[in-house]
Amino acid sequence: MSWINRVRNAIPFIAKKETTAETLWHKCPSCAEMIFIKEWEENLSVCPRCDHHGRIGPSDRFEQILDAGFILLPTPQVQEDPLKFRDTKRYPDRIKAARQSTGDQDALINARGAIDDVPLVVGVQNFAFMGGSMGMGVGAAFIQGVNDAIAHKCPYVIFTAAGGARMQEGILSLMQMPRATVAIQKLHAAGLPYIVVLTDPTTGGVTASYAMLGDVQIAEPNALIGFAGQRVIESTIREKLPDGFQRAEYLLDHGMLDMVVHRRDLRDTLARVIGYLTPRAAA
């Protein structure tokens, strides 16, 4: 212990602030550079060294995208653990742990708000909540977001981040794929835009359903987007896949995306796209 620390500890009225490496620094998972947490957060959770886009949850996303004053929609109530599923843990215990760690009720949260005073409903999947997996709760929240957009005659924008369907709900999780597809058709029947922003990672049944049905498909840089994993595909076709396969830039080059947009430009891009798709009535 240094002499200055001995002096500090000997003086009772000096507050001893709890400071650790975890509260000061963030290690970029891409370039391994150590970045001040404050700098990381001010840069929208994007690495200022290598431009790696970190994963963020609904609260950060809403703050970054929407005007002040947005409203969180209540999480739909669904039957929990309908199959009484148990692996190394009981399914209700996994849900409880995910809720405690994220503060969210399920993996998809909706908010109604505006971008530059243009109204919209935004849904955000949280990969930190059981890998953003799609279960009955996510399906119900997706339909809730679409119905709310229809009721308020505004676009629905979804930010996807998922490892696929939630295995603990079996076939009931897979049923959310056609349910979401029907909801999107209702949105189109109402003449309202459906915009998808694919973030890292978007895979499995989410990719096979509502993540690829947008009127406009946007992705964040280097986002992993696909159905099956690269190793599974390679072992099936017995061929080596090209570098960058299933990354946003590769999908853009091959016509599966409309644009890849940096996080700092997402708000302005969405405002512009919504402006194109929902022109305001002439005065």
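In this text the structure is predicted, and so the values were computed from the model without any measurement.

Quick look at a negative patch on the surface now. Taken together, E41, E42, D60 and E63 make up a surface patch of like negative charges. Contributions of two or more residues to the negative patch are made by helix 3 (37-42) and helix 4 (58-65). You can see E42 is positioned in helix 3.

This part takes up the sheet that holds strand 4 (residues 108-115). Taking strand neighbours across the sheet as the criterion, the seven strands line up as 3-4-5-6-7-8-9 in an open arrangement whose pairing is mixed. Since the sheet does not close on itself, it has two edges, and those belong to strand 3 (71-72) and strand 9 (259-260), each with one partner. As paired strands, strand 8 (residues 216-219) and strand 9 are joined by two bridges and run parallel to one another. From the neighbouring strand, A219 faces strand 9, where its bridge partner is V260. Running at roughly 20° to strand 4, helix 6 (residues 136-151) makes contact with strand 4, strand 5 (118-125), strand 6 (156-162) and strand 7 (194-202) of the sheet.

Moving on, we get to the domain arrangement of the protein chain. Partitioning the protein chain into structural domains gives domain 1 (14-52) and domain 2 (55-277). Centre-to-centre, using C-alpha coordinates, domain 1 lies 26 Å away from domain 2. Summed over both partners, the interface of domain 1 with domain 2 buries about 460 Å², with 56% contributed by carbon and sulfur atoms. Its largest share of buried area at the contact with domain 2, domain 1 owes to L44, S45 and D51, together 76% of the area lost on that side. Across the domain 1-domain 2 interface, the total number found is zero salt bridges. One can count three residue pairs in polar contact (both at pLDDT 80 or more) joining domain 1 with domain 2. Along the lines of polarity and charge, the residues of the side of domain 1 that touches domain 2 split into two nonpolar, one polar and one charged.

Here we come to the packing of aromatic side chains. Under the defined criterion, the tally for this structure stands at seven aromatic pairs. By the ring-pair criterion, three or more aromatic residues cluster together here, those being F142, Y156, Y194 and Y210. One cation-aromatic arrangement involves R55 over F127; the distance from NZ or CZ to the ring centre is 4.6 Å.

Time to look at the packing of helix 4 against helix 12 (residues 266-277). Between two packed helices, both the angle of their axes relative to each other and the distance between the axes serve to describe the pair. Across the interface, helix 4 lies against helix 12 with an axial gap of 9 Å and an inter-helix angle of 65°. Contacts between helix 4 and helix 12 pair R61, Q64 and I65 from the former with L266, R267 and L270 from the latter. Residue composition of the contact of helix 4 with helix 12, grouped by class: three nonpolar, one polar and two charged.

A surface patch of nonpolar side chains, amounting to about 360 Å² of accessible area, comprises L24, W25, M34 and F36. Tracing the chain through its elements places L24 in helix 2 (residues 21-24).

This part takes up the UniProt feature "binding site: Zn(2+)" (unreviewed entry) in the protein chain. What UniProt calls "binding site: Zn(2+)" (unreviewed entry) maps, in this numbering, to C28, C31, C47 and C50. For the residues just named, distributed over 23 residues, the greatest C-alpha separation is only 8.7 Å, placing them together at one site. Relative to the helices and strands, C28 is located in the loop between strand 1 (25-27) and strand 2 (34-36). With relative accessibility at 1%, the residue C28 sits in the buried group. Beyond its immediate chain neighbours, meaning those up to four positions away, C28 contacts E33, I35, C47, C50 and H52. Inspection of the secondary structure puts C31 in the loop between strand 1 and strand 2. A residue is classified by how much of its surface remains accessible, and C31, at 29% relative accessible area, is partly exposed. Apart from residues no more than four positions distant in its own chain, C31 is found in contact with C47, R49 and C50.

Conventions used here
- Residues numbered from 1 in each chain as written.
- Predicted model: local features only at pLDDT ≥ 70, side-chain atom pairs only at ≥ 80, totals over all residues.
- Heavy atoms only, no water.
- Patch = residues over 30% accessible without salt bridge, like charges linked within 9 Å, V, L, I, M, F, W, Y side chains within 5 Å.
- Areas by Shrake-Rupley, 256 points an atom, 1.4 Å probe, with all protein chains shown as cover.
- Salt bridge = Lys/Arg side-chain N within 4 Å of Asp/Glu carboxyl O.
- Lys, Arg positive; Asp, Glu negative; His and termini not counted.
- Charge placed at Lys NZ, Arg CZ, Asp CG, Glu CD.
- Helix = DSSP H or I, 4+ residues; strand = E, 2+ residues; numbered from the N terminus.
- Pairing = 2+ DSSP bridges.
- Contact = heavy atoms within 4.5 Å.
- Axes fitted to C-alpha atoms, helices over the stretch in contact; angles between N-to-C directions.
- Domains from an automatic or database assignment.
- Buried area = accessible area lost by both parts, 1.4 Å probe.
- Polar contact = N/O pair within 3.5 Å; in protein donor to acceptor, adjacent residues only side chain to side chain.
- Nonpolar A, V, L, I, M, F, W, Y, C, P; charged D, E, K, R; others polar.
- Phe/Tyr/Trp six-rings, centres within 6.5 Å; stacked < 30°, edge-to-face > 60°.
- Lys NZ or Arg CZ within 6 Å of the ring centre and 35° of its normal.
- UniProt positions renumbered as here; feature names shortened; annotations may be inferred.
- Buried < 20%, exposed > 50% of the residue type's maximum accessible area, 1.4 Å probe, protein only.

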